[in-house]
Amino acid sequence: TLFTLQLHLLAGTLFNLQAHLISLNDGIKYIEEDIKEQYHPKHHADVEGFTLTGVTLAKDNRTILNNINGQLMSGVNIISGKSGAGKTTLINILLGLEESHTGTALYRGHRISEALTEHILSEVSVAPQKPVLVSGTLEDNLLYGADDVCQNRLKEIVELLGFTRQGTDADALLATVIDVAGSGLSGGERQRIAIGRAILRDKPTLILDEPTAALDERTAHKIVEWLALHTRNLIIVTHDEKLKKKYGIKIELNETTADSVQV
Ligand SMILES: Nc1ncnc2c1ncn2[C@@H]1O[C@H](COP(=O)(O)OP(=O)(O)OP(=O)(O)O)[C@@H](O)[C@H]1O
Ligand SMILES: [Mg+2]
C-alpha cells in the first residue's frame, strides 16, 4: 500500500508538472504573438501613414517639440517651421530614432519605437538634410540601398534630377567617380544624389528633409511636382513659400510659442 501511495503521489506531481508546462507554453506563445504583432504593421493595412498626438520632446531641460499633433497620410504632407524649430528631430521621431518623447507617435497604428525602425525603413525612404556619400561612381551612389533598378529607370531619375546636360552621355555621367570628401560636389549636387537615392529605393512613403534648400527653385519644384505624382505618401520638410501655398501645411513647428498643429 505504501509503495502504491508513493507512485500515486509521483503520478500526481508529474501530471501537475505537465499542466504547468502546457500553460507555460501557451504563455510563451502569447508573448511571441505580441512580438510578431509589433513587427508586422502590414497586418493593419487599413491604417496608413503617421499619426502624432501630443508629441513633446525636451533635451537638456529645453523643450524642442511641444504638443505636436497631426496626421501624415497619402498625398503631399508639408512640415514647416523656422530653422531650429525641430523639423529634423520630428523626422527622427517618425523613424523611431528619437524615443525620448512623450505623447503618442504611431506608424500605421503601431506605436513608434526603435524596435519598429527596421520595419518603418522597409516602407519609408528618406532623403536626409545632410546626405552621406559613398566612395564610388555617381551610379554607385544613386543605387546605394536600392534593389533591382533597371538602367532605364536610373536614367529617368538622373534626367529628373537635372544631372544630364545637353549632349552629355548618361552612361559616362553615371560612371563619374564621386569624391567622397565632397570637395568636387556642390551642396545641391549632394542633395540631388540623396533625393535620387531615396527615389530609387522605391518605397510607398518618401520623406525629404529640406529638399529645396540647396537647389535652384526651378529644379526643386520640378522634382517635387514629379514626386507628388509618383509617390503614395510624400512628406516634405520645407521653408519654401510656393510649396506651402500649393500643398498646404500639415504640421507647422514654431520655435518659441507652444507648437501647433494643423491637420
Ligand atoms: N541630440 C540633441 N541634443 C540636444 N539638442 C538637440 C539635439 N538634436 C537637436 N537638438 C536641438 O533641437 C533643436 C531642433 O533641431 P532640429 O535639427 O530638429 O531643427 P530643424 O528645424 O531641423 O532646423 P533646420 O531648419 O536648421 O534644419 C535645435 O535647437 C537643436 O540644437
Ligand atoms: Mg533640419
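Structure: see above.
These numbers were taken from a predicted model, which means no experiment stands behind them.

## Brief notes about the nonpolar core
Part 1 of the reasoning: Among the nonpolar cores identified, the biggest contains 34 residues, and Leu-138, Leu-142, Ile-193, Ile-195, Ile-199, Leu-208 and Leu-227 are the most heavily contacted of them.
Part 2 of the reasoning: Residue assignment for this core shows that the elements contributing at least two residues are strand 3 (75-81), helix 4 (138-142), helix 5 (151-160), helix 6 (170-174), helix 7 (187-200), strand 9 (205-209), helix 8 (217-230) and strand 10 (233-237).
Part 3 of the reasoning: If one sorts the elements of this core by residue count, helix 7 sits on top with six residues.
Part 4 of the reasoning: When residues no more than four places from it in sequence are discounted, the contact partners of Ile-199 are Arg-153, Ile-157, Leu-160, Leu-206, Trp-226 and Leu-227.
Part 5 of the reasoning: Phe-50, Ile-64, Ile-93 and Val-124 belong to the second-largest nonpolar core, a separate cluster that totals 26 residues.

## What about the layout of surface pockets?
Part 1 of the reasoning: By volume, the largest pocket amounts to about 410 Å³.
Part 2 of the reasoning: Leu-95, Val-126, Pro-128, Gln-129 and Lys-130 are, among the 17 residues lining the largest pocket, the residues nearest its centre.
Part 3 of the reasoning: Elements with a minimum of two residues in the lining of the largest pocket: helix 2 (87-94) and helix 7.
Part 4 of the reasoning: Grouping the constituent residues of the lining of the largest pocket by class yields nine nonpolar, four polar and four charged.
Part 5 of the reasoning: Taken as a whole, the second largest pocket holds about 210 Å³ of empty space.
Part 6 of the reasoning: Contributions of two or more residues to the lining of the second largest pocket are made by strand 8 (177-178) and helix 7.

## Side note on the side chain of His-101
Part 1 of the reasoning: Within the secondary structure layout, His-101 lies in the loop between helix 2 and strand 4 (102-107).
Part 2 of the reasoning: Owing to a relative accessible area of 13%, His-101 belongs among the buried residues under this scheme.
Part 3 of the reasoning: With residues near it in sequence (within four places) discarded, His-101 still touches Val-55, Thr-56, Leu-57 and Ile-93.

## Details of the environment of Thr-51
Part 1 of the reasoning: Relative to the helices and strands, Thr-51 is located in strand 1 (residues 50-59).
Part 2 of the reasoning: Between the alpha carbons of Thr-51 and Thr-104 there is a distance of 7.9 Å; along the sequence they are 53 residues apart.
Part 3 of the reasoning: If we skip the residues at most four places from it in the chain, Thr-51 touches Gly-70, Gln-71, Met-73, Thr-104, Ala-105 and Leu-106.

Definitions and limits used
Residues numbered from 1 in each chain as written. Chains lettered and ligands numbered in written order. Predicted model: local features only at pLDDT ≥ 70, side-chain atom pairs only at ≥ 80, totals over all residues. Heavy atoms only, no water. Core = buried A, V, L, I, M, F, W, Y, C linked by side-chain atoms within 4.5 Å. Buried < 20%, exposed > 50% of the residue type's maximum accessible area, 1.4 Å probe, protein only. Helix = DSSP H or I, 4+ residues; strand = E, 2+ residues; numbered from the N terminus. Contact = heavy atoms within 4.5 Å. 1 Å grid on protein atoms, 1.4 Å probe; cavity = no way out; pocket = protein on both sides within 12 Å on 5 of 7 lines; lining within 4 Å. Points joined across faces, edges and corners; volume = space filled by probe spheres on them. Nonpolar A, V, L, I, M, F, W, Y, C, P; charged D, E, K, R; others polar.

Scope: geometric values only; no functional claims are made or implied.
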